[in-house]
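# Breakdown of the fold
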Amino acid sequence: MKYLIRILLWVWCVLPLTSMAAFESEFVSLDTTQQAQYTSLIDSVYTPWRDARTMDATLVARLTQIRNTLVGLLNTRVFSDTTFFALEYLVYVIDGDRATYVPPAPVVTTPRVISTVTNTVSVPPTPAPAPTMTVTAPAPSTTPSATITPTPVAPATSAPRLDISTYQQGTKTVLWWTSTEALIRFELIASLEGMIIQDLDLRSTTQDFGVAVETVYLYDAQGFLIARTNPSSNTASFRELFLEIPVGQTDLYFAFDTAPIGFNHPAPSSVTMWFELRVREGYGIVSGNDQTPIQSSDDVVTTLPTQITDVQLVDRFENRAVDNVLTSGTATLGIVAITTKWSRDNTDTTDNSRLQTVIENIKLVVDDNTSAGDLASTLKLSELNGSVFVPAAVNNFWEVEFDLNSLGTDAWIQNNSTKAYVITWNPTLSSSDVTETVRISIDDLDNGGITYTTTDPTSASITDLWLPYRFLNGDVISE
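Residues numbered from 1 in each chain as written. Predicted model: local features only at pLDDT ≥ 70, side-chain atom pairs only at ≥ 80, totals over all residues. Heavy atoms only, no water.

### A look at the overall build of the protein
When you go through the protein residue by residue, the secondary structure sums to seven helices and 28 strands. In the protein, once contacts between residues fewer than 6 apart in sequence are set aside, the share between residues at least 24 apart is 79%. When the accessible area of the protein is evaluated, it comes to approximately 22800 Å², of which 51% is carbon and sulfur surface. (Helix = DSSP H or I, 4+ residues; strand = E, 2+ residues; numbered from the N terminus. Contact = heavy atoms within 4.5 Å. Areas by Shrake-Rupley, 256 points an atom, 1.4 Å probe, with all protein chains shown as cover.)

This is how it looks when you write it as C-alpha cells:
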C-alpha cells in the first residue's frame, strides 16, 4: 500500500506540472469513439478500487482527481502524450495490488442464475490472478492528425462496437451475406462470489450452424467486442477468454456474419437454430472452485439463402411508365422492380471478380379480358432500356414464364441496387362496345415466382425469396 501511495502521489504531482512544451510539441488526436474507449478503460481500473473502500479517504479523493484530470484531457481531443504515461502508471499501480487484495464478503442475492456460486470457505485461498491490463503509449508524433489504436483490454474496447439497444428477444430472420446486430443474449448471474470464464461454447441445435454462419462475435453488455471465432459444425468455441463475471448480473451478446452465397457456397435451404451457452472451464474468484454452468436461450435465429430483398410491380421506373389506358399498338403492361441487398462479401475467390445476382426466371399471371384472348402468348419482357426481348412461354392459359438466360448481363443485378424489367404487348383490340381489360400479377414469390442464382456456376438456383408477402397484383388497364 505504501508503494501504491508513492506512485499515485508521483502521478498526481507530475501530471499538473508537465511543462507546456510537451503539449506544444508532441500532440495526439482522438475522435469521439476513441475518447469513449479510453474513458471506459480508465474507469474499468478506477471504479472497482474506489468502490472497494480499501484505501483512506484522502487517497481515494486524490485518485478521483487523477481520474477526472485524465478524462478531461481525453475530452479535449488534442493533448500531450504525457497523458498516456500517467495512464500507464495508474493502471499498473492499481492493478498490481490485485494479487494481494481479498475482496470483502459480498451480499448474497437470489436472482435467476446460470451460475450460483455457493462455496463457503473460512479462509479463502489466494485467488487466481486476473490478467494484467496495460495501455501502450503510441510513438510520439508531430502530426496533429495521428491515429491511435488502443491496446485491447478484456473485455475489448476496440471497434466495432455493437449497438446493444437493437437487440430484441425472440424469433428473428437473417439473410445470408450479412453482418448482423445483436441476435442472442445470455444473462449470467453469480451469487456469493464472482467467477472467471476461461473457455465457453455457443452450441446450436443444428449441424448447419457452421455452414450458415461464417463468424460469431461475442460482446459485453456495453457492446464492446470480447472475442470472435469461426463455428464448426454445431459449435462456436471461445478459448482463453479469462472473462471476469462479477457478483450480480452480466449480459453477454452474440452477433453473426452469415455465410455468403457464391463461389464454393451453394445455398442450402433455410436454417433454423436454437442455442445454449456452455462454460467449458470457469472457476470462482475467491474459492477457486470449478464452475461450468449451461444456459439455454429463448432466441431463435433463421438464416435464409436469399439476396433479393424486395420485388414490386410498379407504375413507373425512371423514364418508363405503365400505360393507364389500353389501346392498339405497343403497350407497357407491367414493370417488375427487383432489389438486392448490400453484401459485405460477394467476390469470386478464384479471380476476385464481383459476383452478381442473376435472375433466371420470372413467372407472371395474366388476367386477359380481351376479345382476342391471346395476350399470354404475345407478351415480351426486357430489361429497362434493354435491346434484347424474351418471349413468353405459356404454361397454361393464365400463367406465362420468361427464361432470362438469353438476356446475358441484362439479367444481372449488382449488389445493393434495383433493376427493372418491362412487360410489353402489341394488342389488337376489337371494335365492339365491350370494354377490354388486362392485368399482370405475380402469383407466388415463394414457389418459383422468381428464380435466381449468382454469376458463380457452382451456386444453386433459389426459388424461395422469403419476403413478407407472396403475391403481387398490378393495376387493371382498360380501354
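### Looking at the pairing of strand 13 (residues 294–304)
Burial runs high along strand 13: eight of the 11 residues are buried. Where strand 4 (residues 171–175) meets strand 13, five bridges bridge the pair, whose relative direction is parallel. Within strand 13, the position partnered with Lys172 by the bridge is Val301. (Buried < 20%, exposed > 50% of the residue type's maximum accessible area, 1.4 Å probe, protein only. Pairing = 2+ DSSP bridges.)

### Observations concerning the side chain of Thr235
Mapped onto the fold, Thr235 is located in strand 9 (residues 235–238). At a separation of 3.0 Å, a polar atom in the side chain of Thr235 contacts the side chain of Asn234. Contact partners of Thr235, with chain neighbours within four places excluded, come to Asp201, Leu202, Arg203 and Phe209. (Polar contact = N/O pair within 3.5 Å; in protein donor to acceptor, adjacent residues only side chain to side chain.)

### Description of the nonpolar core
Ranked by size, the top nonpolar core spans 81 residues in total, and within it Val311 and Leu379 carry the most contacts. Per-element accounting of this core gives the leading share, six residues, to strand 17 (residues 331–340). Contact partners of Leu379, with chain neighbours within four places excluded, come to Leu333, Val366, Val390, Pro391, Ala392, Val400, Phe402, Ile423, Thr424, Trp425 and Ile440. Formed by nine residues, the second largest nonpolar core is a distinct cluster that contains Leu162, Ala182, Tyr253 and Ala255. (Core = buried A, V, L, I, M, F, W, Y, C linked by side-chain atoms within 4.5 Å.)

### Section: unusual backbone geometry
Despite not being glycine, Trp177 shows a phi value in the positive range, around 75°. Position of Trp177 relative to the elements: it lies in the loop between strand 4 and strand 5 (184–191). Among the residues examined, Trp177 registers a relative accessible area of 4% and is labelled buried. In the Ramachandran plot, Glu240 falls in the positive-phi region, its phi being about 55° despite a non-glycine side chain. Among the secondary structure elements, Glu240 is positioned in the loop between strand 9 and strand 10 (243–245).

### Considering the pattern of salt bridges
Scanning the entire structure with this criterion turns up six salt bridges. One salt bridge connects Asp299 with Lys172, and the closest N-O pair in it is separated by 3.2 Å. Separated by 127 residues along the polypeptide, Asp299 in strand 13 and Lys172 in strand 4 bring together distant segments of the chain. Judged by relative accessible area, which is 0%, Asp299 ranks as buried. (Salt bridge = Lys/Arg side-chain N within 4 Å of Asp/Glu carboxyl O.)

### Digging into the sheet that holds strand 24 (residues 418–425)
The strand order 14-17-24-19-20 describes an open sheet built from five strands, whose pairing is antiparallel. Edge positions in the sheet fall to strand 14 (308–314) and strand 20 (390–391), since each of these pairs with one other strand and no more. Direction of pairing for strand 14 relative to strand 17: antiparallel, over a ladder of six bridges. Of the residues in strand 17, the one forming a bridge with Gln312 is Ala337.

### Observations concerning the confidence of the model for the protein
Averaged over every residue, the pLDDT of the protein is 75; the share at 70 or more is 69%. Note on residues 77–82: pLDDT is under 50 here. Beyond four places in sequence and across chains, it has 23 contacts. (pLDDT = per-residue confidence, 0-100.)

### Considering the packing of aromatic side chains
All chains considered together, the criterion is met by seven aromatic pairs. On the numbers, 5.6 Å between centres and 75° between planes, the contact of Tyr167 with Tyr253 is edge-to-face. Here the residue Tyr167 occupies a position in the loop between strand 3 (115–116) and strand 4, and Tyr253 occupies one in strand 11 (residues 248–258), the gap between them amounting to 86 residues. Assigned by exposure class, Tyr167 and Tyr253 land together as buried. Where Phe209 meets Phe256, the ring centres are 5.8 Å apart and the plane angle is 55°; that geometry is what we call tilted. (Phe/Tyr/Trp six-rings, centres within 6.5 Å; stacked < 30°, edge-to-face > 60°.)

### What to know about the pairing of strand 6 (residues 195–204)
Most of strand 6 is tucked away, with nine of its 10 residues classed as buried. In the sheet, strand 6 pairs with strand 10 via three bridges, with the strands oriented antiparallel. In the sheet register, Ile197 faces strand 10, and the bridge partner there is Leu243. Bridge count between strand 6 and strand 12 (residues 271–284): nine bridges; the pairing is antiparallel. Residue Arg203 lies in a different strand from strand 12, and its bridge partner there is Glu276. In this structure, strand 6 lies alongside strand 9, joined through four bridges in antiparallel fashion. Paired with Asp201 across the two strands is Ser237, which belongs to strand 9.

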